[in-house]
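Descriptive structure summary
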Amino acid sequence: MKIAKVLCLVIAIFAGVVSCKNRNMYRRTSSDSLTRLWIEPKKKRGSGAELFDSLRFVQLETTPESMFDYVRCLKLLNGKFYLLDRMGTKLLCFDRDGKFLKKFEARGNGPDEYFMLCFLAADPVSKKILVADDVVRKIFIFDEFLNLEHVVKVDFTPKQVIAFRDDMILRYENDNKEQYQDSLLRDYDLHWIDLKGDVVQGMIRNRTPKYGLSFLSASGYLDNGDILYYPTLGDTVYRVAVSERTVSPAYIIESGDEDVKLLNDDQRREMDPNAELPEYEKRNYFFPVEFFNVGSHILLRSGMDDMYLYSKNSGNAIRYDKTLENMSGDRTFDYLTSIIYACDEDWCYGPHHAITLQYMAKDYGFSGKYKAMIDSMETDANLFLACFKVKDF
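Since we're looking at a predicted model, the values are computed, not measured.

**Some thoughts on the pairing of strand E21 (residues 297-302)**
Within E21, five of the six residues are buried, which leaves it mostly tucked inside the rest of the structure. Bridging between strand E20 (residues 288-294) and E21 involves six bridges; their strand directions are antiparallel. Considered in E21, the bridge of Val294 is made with His297. Counting the residues in the hairpin turn of E20 and E21 gives two residues, including Gly295, whose phi is positive at 60°.

Here it is, written out as structure tokens:
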């Protein structure tokens, strides 16, 4: 009997050790669908009309409750627009036609209140809206109608939260993490968090250089709900299979430009975690900001002034310089299509204020029918969204 009890105790301890170990690790899998994306060398830029069409405007309803100045984040979910204002003070919801639906504004020191919201995500699988306050360290989870469901208090800076599945939150941290005591936070870029605020799993090794990073790692969703994550400096875009909790390469970025350098997976793992960002900036390494899965296209935006578009149908790649000084076509159209905050199927969306564009028109030579449409807008109206489609190429 005593032998049996001792044996059970040993098995229990061993199981606990294995369980704890598994909490710190992710399963890395190979990929049968690895795609290589090419960064073109710089060349004379064409017109935005070569890449986009079907430009239309959605005027957001102007009411005392729905007004705000500039947008920090814009997301879409189930035919609704969600906007976080630049100062992080309020979250608003509008329908597809711009009708104001609801606002969440609860600044204060209470348990369901915040100081400043810094990030917004819309999970297409769980149909949840997520925002984070990196000052008082809270994550807020809403349903698609902006009814508050959970407030998760954490003991670290939450920043970017990108998914909520099976009562677990997935977030990434793109600042250098050597200051953290917890090994999961310090050693990994991606973290799974439970509703108690505990970090229960780490994914993708941290090799983030110190100083100066802000919203540089890119993430996005695939049609099946898997998540794409593109770490800073790397050449590998990872697919995170959420239900299996596995990570595998999805895309390899290759550069044909001497001025754009990337680190392969092995090189990134060998980086010194105490390396400083300015050293990599001087050497022209690549800093991804957005990775959009846009229907039959992929759109990658870098920390520079460039966007890269890839056609899944033809395999063609285009480098798109979106600086105003380099615009060569209809400058009104080019500017409106250079601002992309969100994508849905083949559509892209960017927020604008009519009064701002009216002031810019003379300095940048705006003209044509879209300038006339902007000139006809009320200067005290709420902002509008430019909506346009990516053309195949």
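**A word on the pairing of strand E8 (residues 119-123)**
Every regular strand shows the same layout, with side chains that alternate between the two sheet faces. Burial of E8 is extensive: five of the five residues sit out of reach of the surface. Both faces of E8 are covered, namely the face carrying Phe119, Ala121 and Asp123 and the face carrying Leu120 and Ala122. Across five bridges, E8 lies against strand E9 (residues 128-133) in antiparallel orientation. Residue pairing for E9: Ala122 is matched across the bridge by Ile129.

**Some thoughts on the nonpolar core**
Judged by nonpolar contacts, the single largest core of 35 residues is most densely connected at Ile139, Ile169, Leu170 and Leu190. Formed by 29 residues, the second largest nonpolar core is a distinct cluster that contains Leu51, Cys348, Ile374 and Phe384.

**Topic: the environment of Asp194**
Positionally, Asp194 belongs in strand E14 (residues 188-194). In this structure the C-alpha to C-alpha distance between Asp194 and Phe164, which are 30 residues apart in sequence, comes to 9.7 Å. Setting aside its immediate chain neighbours within four residues, Asp194 contacts Val152, Asp167, Met168 and Val200. In this structure the side chain of Asp194 is engaged in a polar contact, spanning 3.0 Å, whose partner is the backbone nitrogen of Lys196. A polar contact is formed between the side chain of Asp194 and the backbone nitrogen of Asp198, at a distance of 2.9 Å.

**A few points about the sheet that holds strand E10 (residues 138-143)**
Overall, antiparallel pairing links the four strands, which are arranged E8-E9-E10-E11 in an open sheet. This sheet does not close on itself; its edge strands, each paired only once, are E8 and strand E11 (148-153). This sheet shows a mean twist of 20° between the axes of neighbouring strands, independent of strand direction. Two strands pair when backbone bridges link them, and E10 and E11 are joined in this way by five bridges, in the antiparallel orientation. Opposite Phe140, over in E11, you have Val151 as the bridge partner.

Calculation notes
Residues numbered from 1 in each chain as written. Predicted model: local features only at pLDDT ≥ 70, side-chain atom pairs only at ≥ 80, totals over all residues. Heavy atoms only, no water. Buried < 20%, exposed > 50% of the residue type's maximum accessible area, 1.4 Å probe, protein only. Helix = DSSP H or I, 4+ residues; strand = E, 2+ residues; numbered from the N terminus. Pairing = 2+ DSSP bridges. Core = buried A, V, L, I, M, F, W, Y, C linked by side-chain atoms within 4.5 Å. Contact = heavy atoms within 4.5 Å. Polar contact = N/O pair within 3.5 Å; in protein donor to acceptor, adjacent residues only side chain to side chain. Axes fitted to C-alpha atoms, helices over the stretch in contact; angles between N-to-C directions.

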